[in-house]
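# Coordinate analysis (summary)
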Amino acid sequence: MTENEPDVTFTSTVRADEITFGEVPETRVDFPGDTDDRSTSGSDRTNLPNPVRAHVTYHDIQVDYRIEAHLDQEDRPDL
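Residue numbering note: each chain is counted from 1, following its sequence as written. pLDDT decides what is reported in this predicted model: residues at 70 or higher carry local features, side-chain atom pairs at 80 or more are listed and counted, and totals for whole chains, interfaces and linings draw on all residues regardless. To get the side-chain values, all heavy atoms of the structure are used, and hydrogens and water are removed first.

### Some points on the environment of Val-63
Take Val-63: it is sitting in strand S3 (residues 57–69). Put simply, Val-63 and Val-14 are 49 residues apart on the chain and 5.2 Å apart in space, counted from C-alpha to C-alpha. What makes two residues a contact is simply this: any of their non-hydrogen atoms within 4.5 Å. The contacts of Val-63, once residues within four sequence positions are left out, are Ser-12, Thr-13, Val-14, Ser-43, Asp-44, Arg-45 and Leu-48. The helix and strand labels rest on DSSP assignments: H or I over at least four residues marks a helix, E over at least two residues marks a strand, and numbering proceeds from the N terminus.

Here is the structure:
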């Protein structure tokens, strides 16, 4: 593992034929603890705007989501 690679990576894909939100969700990702400023998250969306609108039905959606966390260098174990 190089210094630029994340220490932890989480990826997920969600698909739906259709989805309707009763209200616009509030979402966020926090990196508490021993992570540095390079830690990040984000998504690639297909047929799903950001933000979504309440009471609108979206069809054939896909969301690819990724979280990358980098430990603070002083807390990173020597590998």
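### Some thoughts on unusual backbone geometry
At the junction of Asn-50 and Pro-51, the peptide bond is cis and its omega measures out at 10 degrees in the coordinates. Mapped onto the elements, Pro-51 comes out in the loop between strand S2 (40–46) and S3. For Asn-47, which is not glycine, the phi torsion reads 60 degrees and is therefore positive. If you trace the backbone, Asn-47 turns up in the loop between S2 and S3. Even without being a glycine, Asp-60 presents a positive backbone phi close to 50 degrees. Tracing the chain through its elements places Asp-60 in strand S3. On the basis of relative accessible area, Asp-60 is assigned to the exposed category, the value being 52%. Throughout this description, buried means an accessible area under 20% of the type-specific maximum (1.4 Å probe, protein chains only), exposed means over 50%, and partly exposed covers the range between.

### Focus: the nonpolar core
Judged by nonpolar contacts, Phe-21, Leu-48, Val-52, Tyr-58, Ile-61 and Val-63 together constitute the single largest core of 6 residues. If near-sequence neighbours (up to four positions away) are discounted, Ile-61 is found in contact with Val-14, Arg-15, Ala-16, Ile-19, Thr-46, Asn-47 and Leu-48. Within this scheme, the nonpolar core is defined by two criteria: the residues are buried Ala, Val, Leu, Ile, Met, Phe, Trp, Tyr or Cys, and they are joined through side-chain atoms within 4.5 Å.

### Examining the layout of surface pockets
Site definitions follow a grid-based scheme: protein atoms alone, a 1 Å grid, a 1.4 Å probe that fits but cannot get out for cavities, and for pockets an open set with protein on both sides within 12 Å along at least five of seven lines, plus lining residues having an atom within 4 Å of a point. Grid points are joined across faces, edges and corners, and a volume is the space filled by probe spheres set on the points. Space inside the largest pocket adds up to approximately 460 Å³. As for the largest pocket, its lining consists of 19 residues, of which Thr-27, Ser-43, Arg-45, Val-63 and Tyr-65 are closest to the centre. The set of elements that each furnish at least two residues to the lining of the largest pocket consists of strand S1 (8–20), S2 and S3. Per-class residue counts for the lining of the largest pocket are 12 nonpolar, 5 polar and 2 charged. In this classification, Asp, Glu, Lys and Arg are treated as charged, Ala, Val, Leu, Ile, Met, Phe, Trp, Tyr, Cys and Pro as nonpolar, and every other residue, Gly included, as polar.

### Quick look at the environment of Arg-15
Tracing the sequence through the fold places Arg-15 in strand S1. With relative accessibility at 61%, the residue Arg-15 sits in the exposed group. Residues Arg-15 and Thr-46 lie 31 residues apart in sequence; the distance between their C-alpha atoms is 9.3 Å. Arg-15 has contacts with Ile-61 and Gln-62, leaving out every residue within four places of it along the chain. Polar contacts, as used here, are pairs of N or O atoms within 3.5 Å; protein pairs need one atom able to donate a hydrogen and one able to accept it. Residues neighboring in sequence count only if both atoms are side-chain atoms. Polar contacts involving the side chain of Arg-15 include one to the side chain of Gln-62, which spans 3.2 Å.

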